[in-house]
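# Summary of structural features
The primary structure of each chain is shown beneath.
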Amino acid sequence: MKKKDFLPIILGSDENAYGTARLFREAYPEVTPLLVCTAQLIPTRHSRLFDCRIIAGFEREEVFPDALLGVLRECSKDYEKLLVIPCSDYYTGLLCRHYDHFEGLIANRFIPEQLLETFDTKDRFYALCEQYGMDYPKTVIAAPDERIEVADRLPFDFPIVVKPENSNALDYLRCHFEGQKKVFFFDTKEEYLTMVRSMNGSDYRGKLILQEFIPGGDDAMRVLNSYSDTDGTVRAMCLGQPVLEYYDPKSVGNYAAILSRGDTLLYDKMQRFLQAIGYVGFSNIDMKYDSRTGRYVLFEINPRLGRSSFFCRAAGINMMKLLTEDVVYGRRGKCIYNETTALWSNVPRGILTRYVTSPALREEMKQYKALHNTTDVDTVKRAIRAIEIEEYYAHTPVDERAFPKLNSLIIGVDIDRELRRTKISNRLRQRLNEGMVDEVRRLIEQGIQPDDLIYYGLEYKYLTLYVIGKLTYEEMYRELEIAIHQFAKRQMTWFRGMERRGFTIHWMDAGLPMEEKIAFVQAKLEGN
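None of these values were measured; they are calculated from a predicted model.

## Here's the deal with the overall build of the chain
Broken down by element type, the chain carries 19 helices and 17 strands. In terms of C-alpha radius of gyration, the chain reaches 25 Å, essentially the compact-globule figure of 24 Å for 528 residues. If you line up the chain on its principal axes, its C-alpha atoms span 80 × 60 × 60 Å. Counting the 528 residues in the chain, one finds 48% classified as buried. A sequence separation of at least 24 residues applies to 67% of the contacts in the chain between residues at least 6 apart.

So, in structure tokens, the structure goes:
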């Protein structure tokens with residue numbers, strides 16, 4: 001039997017994996033990609049765009065090489081060429097480190113391990129920028145034992161930006177401390193030191209990157225996606241202007257909506273840089289426009305496309321088709337430099353209307369219908385309903401409606417941090433003693449899947465992991481307690497953000513007797 005031309009093998013099962021599979025199916029409807037992962041996550045769980053193979057421990061260094069080789073050997077019997085697409089940094093790292101192990105069965109190439117190591121840590125990356133004349137923020141690198149004293153020798157003033165040397169590395173993702181984020185912003189030295197003391201109590205032993213803050217909001221950020229062929233020649237570049245980022249602590253730095261843009265001078269500079277360092281494959285480059293100098297400041301290069309990279313498709317560029325035409329069919333055209341403006345969004349239109357503060361961007365976004373790479377697919381019914389809604393709006397224009405502004409009274413409960421922590425810990429012990437573990441056992445016995453309980457997070461997540469044997473009781477208790485404390489801290493951060501956005505919160509002392517609390521609220525309702 002004649003072999004088929006190619007098979008995309010996508011590593012991962014998150015939003016990025018879903019978007020990647022969709023790009024392949026759009027360009028080659030007869031091709032069904034294969035997802036390989038440790039567990040199938042919500043964004044891909046109910047889709048028929050692909051087949052999925054789950055391999056226990058697939059992301060582990062000792063499992064990955066032989067497990068993937070087994071998949072490649074099996075698939076090579078039916079396909080002429082195999083394209084492997086990693087959807088996370090750790091899968092990219094595993095591929096780069098073990099590429100020679102795969103017996104030449106992977107048709108597409110990846111950057112050398114040495115170059116990957118340069119990108120993996122901010123200090124090496126900024127040294128590379130210095131070597132090739134690329135702009136980057138003023139930076140200080142702090143070893144674990146320098147985290148506190150470094151605050152006294154910064155060559156720039158607060159506010160500052162602080163990042164772990166690799167926020168996507170497993171050692172950072174698997175450690176836990178209160179206030180943990182991918183990216184931190186600190187207005188004062190005291191705020192920075194509070195975070196460091198919390199971090200020092202965790203298992204994280206990596207370096208910290210402290211940087212000058214480049215002024216500008218979300219709309220000053222830029223992301224550049226590119227594809228370089230197997231010979232290292234750039235074949236496509238697409239610039240994006242993020243108009244909104246996510247602000248929950250573990251998603252800070254991820255984009256919620258992007259307008260695709262064009263910039264000939266930037267394209268030329270970045271193309272020369274990528275070709276000079278011998279780059280191959282996809283790149284996802286984060287930068288920021290510095291209005292003080294008129295230059296783009298580079299933050300990092302991710303050696304794979306990200307979950308927001310679907311913005312390129314909104315502009316008309318299918319990165320997976322470019323890869324396939326190059327590697328499978330040997331067809332290469334002139335480099336594509338995007339100049340099209342289009343909107344990609346991963347949040348509802350109402351969120352953009354409310355939280356994009358630039359009047360010019362808000363007005364510009366009205367011209368575009370957002371393209372999404374995911375939708376709400378928690379259940380088949382919701383997925384079908386989402387499709388019905390999109391089809392309705394595609395044929396039935398709806399004018400934006402003005403709603404009256406609500407005059408809300410917002411009451412906040414002001415509680416001492418240590419008292420809050422004590423109350424949370426006491427309440428957790430009480431709920432465990434009252435049978436919370438038995439409740440989760442009964443739900444599983446009644447047929448609810450553990451993955452569905454884990455999806456809901458916090459108590460259900462950690463108690464389920466204990467019930468199915470993935471955590472000991474002590475590990476469950478410790479990790480759940482930390483997670484609840486982190487959640488409470490994120491709530492307070494959200495409230496402070498509300499105040500910065502102009503909301504007035506009337507803070508009420510949590511220690512007041514109930515009668516005084518009622519009187520406080522009544523007085524505020526009466527305008528006192």
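## Some points on the pattern of salt bridges
A full pass over the atoms with the stated rule returns 30 salt bridges. Close ionic contact of Arg53 with Glu74 constitutes a salt bridge, the shortest N to O distance being 3.0 Å. On the criterion of sequence distance, the pair formed by Arg53 in strand β3 (residues 51–54) and Glu74 in helix α2 (residues 64–75) is long-range, its members being 21 residues apart. In this structure Glu74 comes out as partly exposed when scored by relative accessible area, which is 40%. Put simply, Arg124 and Glu117 hold a salt bridge, and the shortest N to O gap is 4.0 Å.

## A few points about the sheet that holds strand β6 (residues 160–164)
Strand order in the open sheet formed by four strands is β5-β8-β6-β7, and the pairing between neighbours is antiparallel. At either margin of the open sheet sits one strand with a lone partner, and together these are β5 (139–142) and β7 (184–186). Between one strand and the next, the sheet's axes are offset by a mean angle of 25°, whatever the strand orientation. As judged from the four bridges shared by β5 and strand β8 (residues 208–212), these two strands associate in the antiparallel manner. Paired with Ile141 across the two strands is Ile209, which belongs to β8. Running at roughly 170° to β8, helix α7 (residues 189–200) makes contact with β6, β7 and β8 of the sheet.

## Regarding the sheet that holds strand β4 (residues 79–86)
Here we have four strands laid out as an open sheet, ordered β3-β2-β1-β4, and parallel in their pairing. Bordering the open sheet on either side are β3 and β4, each of which pairs with just one other strand. Taken pair by pair, the neighbouring strands of this sheet meet at an average axis angle of 25°, ignoring direction. Relative to strand β2 (residues 34–37), strand β1 (residues 4–11) runs parallel, the two sharing three bridges. Along β2, the bridge assignment pairs Ile10 with Leu35. The sheet contacts of helix α3 (residues 89–98) involve β1, β2 and β4, and relative to β4 the element is tilted by about 130°. Helix α10 (residues 319–327) contacts β1 and β4 of the sheet and is inclined by roughly 140° relative to β4.

## Here's the deal with the side chain of Asn16
Tracing the backbone through its elements, the reader meets Asn16 in helix α1 (residues 15–27). At 3.4 Å, the side chain of Asn16 forms a polar contact with the backbone oxygen of Cys87. Among residues more than four places away in sequence, those in contact with Asn16 are Cys87, Leu305, Gly306 and Arg307.

## Digging into the pairing of β6
Among the five residues of β6, five are classified as buried, and the element is accordingly described as predominantly covered. Note: β6 against β7, three bridges, orientation antiparallel. In the strand pairing of β7, Val161 is matched with Phe185. Where β6 lies against β8, five bridges are found, and the strand directions are antiparallel. Residue Val162 lies in a different strand from β8, and its bridge partner there is Leu210.

## Some thoughts on the packing of helix α17 (residues 458–467) against helix α18 (residues 473–500)
When two helices pack together, you describe them by how their axes are tilted relative to each other and by the distance separating the axes. Interhelical geometry of α17 versus α18 gives an angle of 170° and a closest axis separation of 9 Å. Classed by the angle they form, the pair α17 and α18 counts as roughly antiparallel. Crossing of α17 against α18: the hand is right-handed. Residues Leu458, Glu459, Tyr462, Leu463 and Tyr466 of α17 pack against Tyr473, Met476, Glu479, Leu480, Ala483, Ile484 and Phe487 of α18. For the contact of α17 with α18, the class distribution of residues is ten nonpolar, no polar and two charged.

## So, the nonpolar core
In terms of nonpolar packing, the biggest core is built from 88 residues, with Ile9 and Leu11 touching the most fellow members. Looking at this core, the element that brings in the most residues is α2, giving seven residues. Filtering out sequence-adjacent residues up to four positions away, Ile9 remains in contact with Leu34, Val36, Val71, Leu72, Cys75, Leu82, Leu83, Val84 and Ile85. In terms of nonpolar packing, the next biggest core, distinct from the first, is built from 21 residues, Tyr172, Phe184, Tyr204 and Leu208 among them.

## Some details on a negative patch on the surface
On the surface, Asp414, Asp416, Asp509, Glu515 and Glu516 cluster together into a negatively charged patch. In this fold, Asp416 is placed in the loop between β16 (410–414) and α14 (417–433).

## Examining the packing of aromatic side chains
Inspection of the entire model under this criterion finds 23 aromatic pairs. Measuring from ring centre to ring centre gives 5.2 Å for Phe6 and Tyr28, while their planes differ by 80°; the resulting arrangement is edge-to-face. Residue Phe6 is found in strand β1, and its partner Tyr28 is found in the loop between α1 and β2; the two are separated by 22 residues along the sequence. Ring geometry for Phe64 against Tyr91: centres 6.1 Å apart, planes inclined by 35°, an arrangement best described as tilted. On the criterion of sequence distance, the pair formed by Phe64 in helix α2 and Tyr91 in helix α3 is long-range, its members being 27 residues apart. Note on Phe64: relative accessible area 0%, which makes it buried. Members of the aromatic cluster, each reached through a chain of ring pairs, are Phe58, Phe64, Tyr90, Tyr91 and Phe102.

Thresholds, definitions, all that
- Residues numbered from 1 in each chain as written.
- Predicted model: local features only at pLDDT ≥ 70, side-chain atom pairs only at ≥ 80, totals over all residues.
- Heavy atoms only, no water.
- Helix = DSSP H or I, 4+ residues; strand = E, 2+ residues; numbered from the N terminus.
- Rg over C-alpha atoms; globule rule 2.2 N^0.38 Å.
- Buried < 20%, exposed > 50% of the residue type's maximum accessible area, 1.4 Å probe, protein only.
- Contact = heavy atoms within 4.5 Å.
- Salt bridge = Lys/Arg side-chain N within 4 Å of Asp/Glu carboxyl O.
- Pairing = 2+ DSSP bridges.
- Axes fitted to C-alpha atoms, helices over the stretch in contact; angles between N-to-C directions.
- Polar contact = N/O pair within 3.5 Å; in protein donor to acceptor, adjacent residues only side chain to side chain.
- Parallel < 35°, antiparallel > 145°, perpendicular 65-115°, else oblique.
- Left-handed = near helix turned anticlockwise from the far one by under 90°.
- Nonpolar A, V, L, I, M, F, W, Y, C, P; charged D, E, K, R; others polar.
- Core = buried A, V, L, I, M, F, W, Y, C linked by side-chain atoms within 4.5 Å.
- Patch = residues over 30% accessible without salt bridge, like charges linked within 9 Å, V, L, I, M, F, W, Y side chains within 5 Å.
- Areas by Shrake-Rupley, 256 points an atom, 1.4 Å probe, with all protein chains shown as cover.
- Lys, Arg positive; Asp, Glu negative; His and termini not counted.
- Charge placed at Lys NZ, Arg CZ, Asp CG, Glu CD.
- Phe/Tyr/Trp six-rings, centres within 6.5 Å; stacked < 30°, edge-to-face > 60°.

None of this, on its own, says anything about what the molecule does.
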